[in-house]
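Architecture and fold: a report
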Amino acid sequence: MKRWKIEIGGRRALVAALMLLFGAVDARASYVAHHFSPEGLAKVSDYIRNEIAAGKLAGAILLLQQHGKPVYSENFGVRDVATELSMSADTIFRLYSMSKPITSVTAMMLVEEGKLALSDPVSKYIPAFADMKVGVEKRGEDGKATLTLAPLKRPVTIEDLMRHTAGLPYGYFGGGVVNKDYAQAGLFNNDPDNAEFVARLTALPLAEQPGTLWDYGHSTDVLGRIIEIISGKSLLAFEKERLLEPLGMHETEFYVTDPAKWPRIAEPMPNDRMLSPVAQIRDPRQPLKWQSGGGGMVGTIGDYARFSQMLLNGGIYDGRRYLKPETVALMTSDHVGPETGVERDKNYYPGPNSGFGLGFAVRTSVPEYTSWPLGEYRWDGVGGTFFFVDPEDDLFGIFMAQTPSQRGRIQLELKTLIYKAMGR
């Protein structure tokens, strides 16, 4: 616990921790100064309808919940333009990287039980990590890049996995020689399970020294494998036992194996299925062995609402505690701030006003020309979904849609309208 107190630094984190430790919903509600206007919410609805009318997405769902109750819940458009089935609360979405907070919360449950520590070297659970090298790119006089391998200056830790400083990139976002190696390594060939997938990762070099750069990638997939090693169960089995089923997240899985549920799967527009130049949106109807803790889950908005409310409540939901409030405060504090020495890569997705905690982006400064709240934490998925938790306003929001090409633009414009509707 002492290490946690050291790591939760700054006035924002202190306020958040105190609110979580001593301020239940009623106490937080007394702190809230911002409420939604009907006129502002009408503009939110108009925006989503216009996006659908313009053919940017087939349909969407938006939920805003404040003080434990929905203040806005609307379904728009259709699940799939091919079937024309209306969007509904039981629609199933590909969550992609919104899987990461779920995996991170599950891992922190093990931390609370003393079965895992943030300072643990990953090699304690996956010995091959001890022998990994760091790829160092050098260019000759002819301008061609060559790769040399350097030893680790320190081990990769569990904290590195959770804050994306482990040097494990996705690869397909571009970059140097190491990124190309990851993209071309055939990591997904022949349907690997989590053990085989991580074994393939450890055969590659790290992209940088541990703890030096925020570099988004496969870290949370490795974390999912460590959960399996500690628990002796598959990632899904352990998450169902400890988090998903107790929370009532019955629709949150890695694949949709029941054909009766297939019509409920949301689809992007037919011309909007590319996640990257080399990867299409996946088909969750086809189960694989791989259970990606970093990006493999599917679920409904109702399921993710339970998860979000649990976090907003400081780790408790419907009378059952999943995490201690100080654990939630730790996870939603900045772990890549200036004092850590962590640099930020060119694709630093949290943006200039945010740090990164243990599974979430965390707002550390107020964007220009706004009064957006400090301490808001959030993440999104490459398929088009996003969520945010705003403790200051006792609020969370979830947007569910499948639109890979439009996700960044829509998220920013929609968040701006939502906060304008609150006078922020």
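Check the entry above for the structure.
Quick summary incoming for the structure in this document. By convention here, each chain's residues receive numbers from 1 onward along its written sequence. Reporting of local features is limited, given that this is a predicted model, to residues whose pLDDT is at least 70; pairs of side-chain atoms are given and counted only at 80 or more, and all residues count toward the totals for whole chains, interfaces and linings. Excluding hydrogens and water, the side-chain values take into account all heavy atoms of the structure.

1. A closer look at the overall build of the chain
How we decide: A run of DSSP states H or I qualifies as a helix once it reaches four residues; a run of E qualifies as a strand once it reaches two. Both are numbered from the N-terminal end. The globule rule used for comparison is 2.2 Å times the number of residues to the exponent 0.38, while the radius of gyration itself is calculated over C-alpha atoms. Buried residues are those whose accessible area, probed at 1.4 Å on protein chains only, stays under 20% of the maximum for their type, while exposed residues exceed 50% and partly exposed ones sit between those limits. Throughout, the Shrake-Rupley method with a 1.4 Å probe supplies accessible areas, and for residues the shown protein chains are the sole cover considered.
When helices and strands are tallied, the chain shows 13 helices and 18 strands. Relative to the compact-globule value of 22 Å for 424 residues, the chain shows a C-alpha radius of gyration of 21 Å, a close match. Considered along the principal axes of its C-alpha atoms, the chain spans approximately 60 × 50 × 45 Å. Taking all 424 residues of the chain together, 57% fall into the buried category. Of the roughly 17500 Å² that the chain leaves accessible, carbon and sulfur atoms contribute 54%.

2. Thoughts on the packing of helix α5 (residues 99–112) against helix α9 (residues 219–231)
Selection rule: Interaxial angles span 0 to 180 degrees and are taken between N-to-C directions of axes, which are lines fitted to C-alpha atoms, for helices over the stretch in contact. Angles below 35 degrees are treated as roughly parallel, those above 145 as roughly antiparallel, those between 65 and 115 as roughly perpendicular, and all remaining angles as oblique. Here is the rule for handedness: rotate from the far helix to the near one, and if that takes an anticlockwise turn smaller than a right angle the crossing is left-handed, while a clockwise turn gives right-handed. Contact criterion: two residues are considered in contact whenever any of their non-hydrogen atoms come within 4.5 Å of each other. Ten residue types, Ala, Val, Leu, Ile, Met, Phe, Trp, Tyr, Cys and Pro, are classed as nonpolar, four, Asp, Glu, Lys and Arg, as charged, and the remainder, Gly among them, as polar.
Contact geometry of α5 with α9 gives a least axis separation of 10 Å together with a crossing angle of 40°. It follows that α5 is oblique to α9 by the angle criterion. Between α5 and α9 the crossing geometry is left-handed. Within the contact between the two elements, α5 uses K100, T103, S104, T106, A107 and L110 and α9 uses T220, L223, G224, I227 and I230. Class assignment for the residues of the contact of α5 with α9 results in five nonpolar, five polar and one charged.

3. Brief notes about unusual backbone geometry
With a phi close to 55°, H67 is a non-glycine residue in the positive phi region. Relative to the elements of secondary structure, H67 occurs in the loop between β1 (59–66) and β2 (69–80). Judged by relative accessible area, which is 29%, H67 ranks as partly exposed. Even without being a glycine, D394 presents a positive backbone phi close to 50°. Positionally, D394 belongs in the loop between β17 (386–390) and β18 (395–400). By relative accessible area, which is 0% here, D394 ends up buried.

4. Re the nonpolar core
Using the following cut-off: Think of a nonpolar core as a cluster: buried Ala, Val, Leu, Ile, Met, Phe, Trp, Tyr and Cys residues, connected wherever their side-chain atoms sit within 4.5 Å.
In this structure, I158, L161, V222 and F307 are the most contacted members of the largest nonpolar core, which totals 82 residues. Apart from residues lying up to four places away in sequence, I158 is in contact with L116, A117, L118, D120, V122, Y125, L223 and I226. Core analysis: the second largest hydrophobic core is formed by 23 residues, F36, A60, L395 and L414 among them.

5. Thoughts on the environment of G77
Of note, G77 is situated in strand β2. Classification of G77 as partly exposed rests on a relative accessible area of 39%. Linking G77 and L412, residues 335 residues apart in sequence, is a C-alpha distance of 20 Å. Setting aside its immediate chain neighbours within four residues, G77 contacts I52, A58, G59, S86 and M87.

6. A word on the sheet that holds β1
Applicable threshold: When DSSP finds two or more bridges between two strands, those strands count as paired.
Here eight strands make up an open sheet; going across it, the order is β3-β2-β1-β18-β17-β16-β15-β14 and the pairing antiparallel. Every interior strand has two partners, whereas the edge strands, β3 (85–86) and β14 (354–356), have only one. Pairing geometry for strand β15 (residues 361–363) and strand β16 (residues 377–380), over two bridges, is antiparallel. Counterpart to A361 in the pairing with β16 is R378. Sitting on the sheet, helix α4 (residues 38–53) touches β1, β2 and β18, and the angle it makes with β2 is about 10°.

7. Brief notes about the pattern of salt bridges
For the record, the criterion: Here, a salt bridge means any Lys or Arg side-chain nitrogen found within 4 Å of an Asp or Glu carboxyl oxygen.
With the rule as written, the count across this model stands at 28 salt bridges. Note that D90 and R264 form a salt bridge whose closest N and O atoms lie 3.6 Å from each other. Of the two residues, D90 sits in the loop between β3 and β4 (93–96) while R264 sits in the loop between α10 (235–247) and β8 (274–276), which places them 174 residues apart along the sequence. The exposure class of D90 is partly exposed, given its relative accessible area of 33%. The exposure class assigned to R264 is buried, which follows from its relative accessible area of 14%. Shared partners join several salt bridges into a network, and the residues in it are R79, D90, E251, K261 and R264.

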